[in-house]
Amino acid sequence: MGDNISKSLKRIGALVRKESTQVIRDRRTLVLTLVTPIMMLFLFAYAVTLTVDHLPMAVADMSMDTRSQAFIDALTVSGFFDVAMHVQNETEVIQAIDEGKVRVGVVIPPDFAAQVERGEAQALIIIDGSDSFTVQSGYSAAIAIAQSQSIELLMEKAARLGAAGLGTLPVESPPIETATRVLYNPNMDGMVFAVPAIAAMLLQFVAINLTAMSVVREYEWGTIEQLLITPIRPIELMIAKIVPNIVVTVVDTALIVLTGIYWFGVPFRGDPWLFIWLSLLFVVSGLGLGLLISTITRSQNEAQQIAFVLLLLAVLLTGFIYPMEPMPAGVRFVGNLIPLTYFNRIVRGVFTKGIGLTFLWQDVVVLAIYGLVVIVGAAMMFRKRLD
Amino acid sequence: MDREVTIETRGLVKQFKTRSGQVTAVNGIRFKVMRGETFGLIGPDGAGKPTTIRVILGLLRRTAGESTILGYDSMRDTYAIRERVGYIAQQFALPPDLTVMENMRFFADVHGVSAEDQARRIPELLEFAGLSEFTTRLARRLSGGMKKKLALACSLVHEPQVLVLDEPTLGVDPVSRREFWNLLGHLRAEKKVTIFVCTPYMDEAERCNWIGLMYAGELIATAPPAEIKRMVPGRLLEFTPSDFVPAWRMVEEMPGVLEVQTHGAMLHVFVDDLERRRAEIENALLRKGITYQGMREITPRMEEAFISLIRRRRQKESSN
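It should be emphasised that the depicted structure is a prediction, and the values quoted were computed from it without experimental measurement.

## Looking at the overall build of chain B
Step number 1: A count of helical and extended segments in chain B gives eleven helices and 14 strands.
Step number 2: With the C-alpha coordinates of chain B rotated into their principal frame, the extents come out at 75 × 45 × 45 Å.
Step number 3: Counting all 320 residues of chain B, 51% fall into the buried class.
Step number 4: A separation threshold of at least 6 residues defines the contact pool for chain B, and within that pool the share at least 24 residues apart is 69%.
Step number 5: Summed over its atoms, the accessible surface of chain B is roughly 14,600 Å², and 48% of this surface lies on carbon and sulfur atoms.

The following block contains the structure:
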């Protein structure tokens, strides 16, 4: 038994050396693997932030007093809205949106200052709904700014009335969603959320792609025949296909995370070691999933297509763009088959919120089991014969 | 011990499923390879030679029958076989992006060859294969003949008792082919390795001491080369007619002519009585106004024997 294990370890060692040499010799792939994610990080991060802020806005200020001016200032100072044009009324605002001149409009009714005094001020915000990103970010930004404005105004008024009057004032509690955002991301800076999630998504992409070609390539090259005729066991080959790629993906992770922290200024709030271990777990499960694809496909082309579909599903179904909670059970189930789903929560938890294993252990356990299942599954699906 | 059976098959069948139905690539073959022998599986393309080899090695699932190497079952004792057998695939199947030395080390390590044994054996094998000067060259950059030699060196690094080669000289130049077979000769003489080789080249068959003739998935003869050559009927006449096709048609119809084969511009005519038929053929050709050159008796080679055996097989099948 012990003899068998030492023989097996020796074979794994030989295989790991072979695979590592091959990974290093394939310079083009290696450079692409290390450079592409960084490029994608920049593209994605800036794309995401550009849609969130500096939305061109049309203003129809029918009041033209200090209160209305203060509200418009608050909107522009936030950086989310830029005044692109001044118009007369609501109709003209809608027309400007329809013509594509602006994405957002604000209509302030006459006598705004007096209404603010009475605590019943209403301003109309119109958002171009054709782009869901604009709707989401613009809507929540406008609400938050309006709320902070009205609360400020109310405070002012309350101070004049004295403490007795405070309880009678209608103070609306802000929606939960806004509250969470403000809790971890007080400036509503899109990057803080976007960068860790983008990083996780890119790592998923890299991990799956690295191994998805690795086994099926041996079949295409014909080299599998000479491997099969040695005493190498399938699981040994699977391990050897993963090990060198762990190093590659860890370097990738470091590059992406450090770029996120030092270039984009994303605060890292959690335990770095915990993050490293959990990233490793995530990377291994991704590599394992790639391996499984590689053992069930018949050509590199096929493997690439499946990897691509998985990436698309990962973007759509793992909470990267759209929250998973409202999804129908079937769709959520598909999302749950992708390791990114679990790591998205982990990365947000550890990176942005700074929480530890106490809150995340379920995702961690699932990810560990997942990795084990896909790797063993890949070894089982590995075709031990040529037919 | 000398007559120990190394490879054995009984009623071995391999069928492939294709879209148009089942194709029988190997149809119930039976043979034995004795220890220390060089057994050549010879036959035209599509006869099922590589399929037979792959089934015996457990690389393909067998449909029916039995096959063993060193007493180990091809399907059940896969790893026992893999530890004791060296194999060279038909196309180059070593990692192309590793160097000659890295390839040697890899296959040695994977087979659990100790460091001391490697230090002795690898230089020896590289010397033997004439690759000592190319240790740092990538396998991909080797010439066709050198690739085969590297594959041979790698397949011998764990000192296998049996060496299996699938058309090892396909696409290799004649000089390298000769060199390669000389290497195999050394192996047989010095290391007593049992060699099982399949090849479409008849001249290579002469290098084997036992031959299996394979045709359309069946083994139509197994015997030493000399015996195979004696299986042809009658004696063999060779000549070059001036008018090829009419001469061929005419000779074929003549009494006492058992078989006519074409060989380039020459006709090979098997006859029952050499002196009598030779005179008859010469007369018939003259009457038709066909001249001829180089009329002589030759000893049948493997090629003639092989064609003759296949032809008789076909005739038997069509008459059934």
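## Quick notes on the interface of chain A and chain B
Step number 1: Contact with chain A, which involves 26 residues of that partner, is made by 33 residues of chain B.
Step number 2: For the pair chain A and chain B, the two sides together bury roughly 2,800 Å², of which 57% comes from carbon and sulfur.
Step number 3: Looking only at chain A, the three residues that lose the most surface to chain B are Q226, I229 and R385 of chain A, adding up to 25% of its buried area.
Step number 4: Our count for the contact surface shared by chain A and chain B stands at three salt bridges.
Step number 5: The residue E102 of chain B makes a salt bridge to R25 of chain A at a minimum N-O spacing of 2.7 Å.
Step number 6: Inspection of the chain A/chain B interface yields eleven residue pairs in polar contact (both at pLDDT 80 or more).
Step number 7: Contributing elements (two or more residues each) for the side of chain A that touches chain B: α1 (2-25) and α11 (224-228) of chain A.
Step number 8: The greatest single-element share of the side of chain A that touches chain B, amounting to nine residues, is contributed by α1 of chain A.
Step number 9: When the residues that make up the side of chain A that touches chain B are grouped by side-chain class, the tally is ten nonpolar, six polar and ten charged.

## Some remarks on the packing of helix α10 (residues 214-221) of chain A against helix α14 (residues 300-317) of chain A
All names here are of chain A.
Step number 1: Running from amino to carboxyl end, α10 crosses α14 at an angle of 160°, the nearest separation of the two axes being 9 Å. Regarding the angle of α10 to α14, the classification is roughly antiparallel. In this structure, α10 meets α14 at a crossing whose hand is left-handed. Side by side, α10 and α14 meet where V216, R217 and E220 of the first sit next to Q300, N301 and A303 of the second.
Step number 2: Among the residues forming the contact of α10 with α14, the class breakdown is two nonpolar, two polar and two charged.

## Some words on the packing of helix α12 (residues 234-262) of chain A against helix α17 (residues 357-381) of chain A
Residues and elements named next belong to chain A.
Step number 1: Between α12 and α17, the least distance of the axes is 8 Å, while the angle of their chain directions is 130°. When the interaxial angle is binned, α12 and α17 end up oblique. You can see that α12 and α17 cross each other, and the crossing is right-handed. Contacts between α12 and α17 involve P234, I235, M238 and I242 from the first element and I375, V376, A378 and A379 from the second.
Step number 2: Tallied by class, the residues present in the contact of α12 with α17 amount to eight nonpolar, no polar and no charged.

## Considerations on the sheet that holds strand β6 (residues 85-88) of chain B
All names here are of chain B.
Step number 1: Strand order across the open sheet formed by six strands is β6-β7-β8-β3-β9-β10, with mixed pairing between neighbours. A single partner strand is all that each edge strand has here, and the edge strands are β6 and β10 (218-223). Along the sheet, successive strands turn relative to each other by an average axial angle of 15°, direction set aside.
Step number 2: When β6 meets strand β7 (residues 162-166), the two strands line up parallel, connected through four bridges. Bridged to Y87 within β7 is V164.

## Points about helix α3 (residues 100-110) of chain B
Step number 1: Summarising burial for α3 of chain B: eight of the eleven residues are buried, a large majority.
Step number 2: Within α3 of chain B, burial applies to V100, N103, M104, F106, F107, A108, D109 and V110 of chain B.
Step number 3: Where α3 of chain B is buried, its residues contact α1 and α11 of chain A together with α4 (115-129) and α5 (144-156) of chain B.
Step number 4: Of the residues one or two after α3 of chain B, G112 of chain B is the one with positive phi, at around 70°.

## Things to note about the sheet that holds strand β1 (residues 55-61) of chain A
Residues and elements named next belong to chain A.
Step number 1: Judged by pairing direction, the sheet is mixed, and its four strands sit side by side in the order β2-β1-β3-β4 without closing on themselves. Strands at the two margins of the open sheet, each flanked by one partner only, are β2 (81-86) and β4 (124-127). Strand-to-strand twist across the sheet, computed as the mean angle between neighbouring axes with direction ignored, equals 30°.
Step number 2: Set on the sheet, helix α4 (residues 90-98) makes contact with β1, β2, β3 (104-108) and β4; between it and β3 the angle comes to about 175°.

## Brief notes about the confidence of the model for chain B
Residues and elements named next belong to chain B.
Step number 1: Per-residue confidence for chain B gives a mean pLDDT of 91; residues scoring 70 or more make up 99%.
Step number 2: Element-level mean pLDDT values for chain B span from 85 in helix α11 (residues 302-319) up to 97 in α3.
Step number 3: Under the prediction, the complex receives an ipTM of 0.86, its pTM being 0.79.

## A closer look at the side chain of S285 of chain A
Residues and elements named next belong to chain A.
Step number 1: Among the structural elements, S285 can be located in helix α13 (residues 272-296).
Step number 2: There is a polar contact of 2.7 Å between the side chain of S285 and the backbone oxygen of F282.
Step number 3: When residues no more than four places from it in sequence are discounted, the contact partners of S285 are P339, L367, Y370, G371 and V374.

## A short note on the pattern of salt bridges
Residue and element names in this part refer to chain B.
Step number 1: According to the stated counting rule, one finds 35 salt bridges over all chains in the structure shown.
Step number 2: Residue D117 is joined to R121 by a salt bridge in which the shortest nitrogen-to-oxygen separation is 3.4 Å. Residue D117 and its partner R121 are both found in helix α4; the two are separated by four residues, about one turn of the helix.
Step number 3: A residue is classified by how much of its surface remains accessible, and D117, at 27% relative accessible area, is partly exposed.
Step number 4: For R121, a relative accessible area of 8% corresponds to the buried category.

## So, the state of the cysteines
Residue and element names in this part refer to chain B.
Step number 1: As enumerated under the stated definition, the model contains zero disulfides over all chains in all.
Step number 2: The cysteine C154 is free of any disulfide, with C198 supplying the nearest cysteine sulfur at 20 Å.
Step number 3: With no disulfide of its own, C208 lies closest to C198 among cysteine sulfurs, the gap being 10 Å.

About the criteria used
- Residues numbered from 1 in each chain as written.
- Chains lettered and ligands numbered in written order.
- Predicted model: local features only at pLDDT ≥ 70, side-chain atom pairs only at ≥ 80, totals over all residues.
- Heavy atoms only, no water.
- Helix = DSSP H or I, 4+ residues; strand = E, 2+ residues; numbered from the N terminus.
- Buried < 20%, exposed > 50% of the residue type's maximum accessible area, 1.4 Å probe, protein only.
- Contact = heavy atoms within 4.5 Å.
- Areas by Shrake-Rupley, 256 points an atom, 1.4 Å probe, with all protein chains shown as cover.
- Buried area = accessible area lost by both parts, 1.4 Å probe.
- Salt bridge = Lys/Arg side-chain N within 4 Å of Asp/Glu carboxyl O.
- Polar contact = N/O pair within 3.5 Å; in protein donor to acceptor, adjacent residues only side chain to side chain.
- Nonpolar A, V, L, I, M, F, W, Y, C, P; charged D, E, K, R; others polar.
- Axes fitted to C-alpha atoms, helices over the stretch in contact; angles between N-to-C directions.
- Parallel < 35°, antiparallel > 145°, perpendicular 65-115°, else oblique.
- Left-handed = near helix turned anticlockwise from the far one by under 90°.
- Pairing = 2+ DSSP bridges.
- pLDDT = per-residue confidence, 0-100.
- Disulfide = S-S within 2.5 Å.

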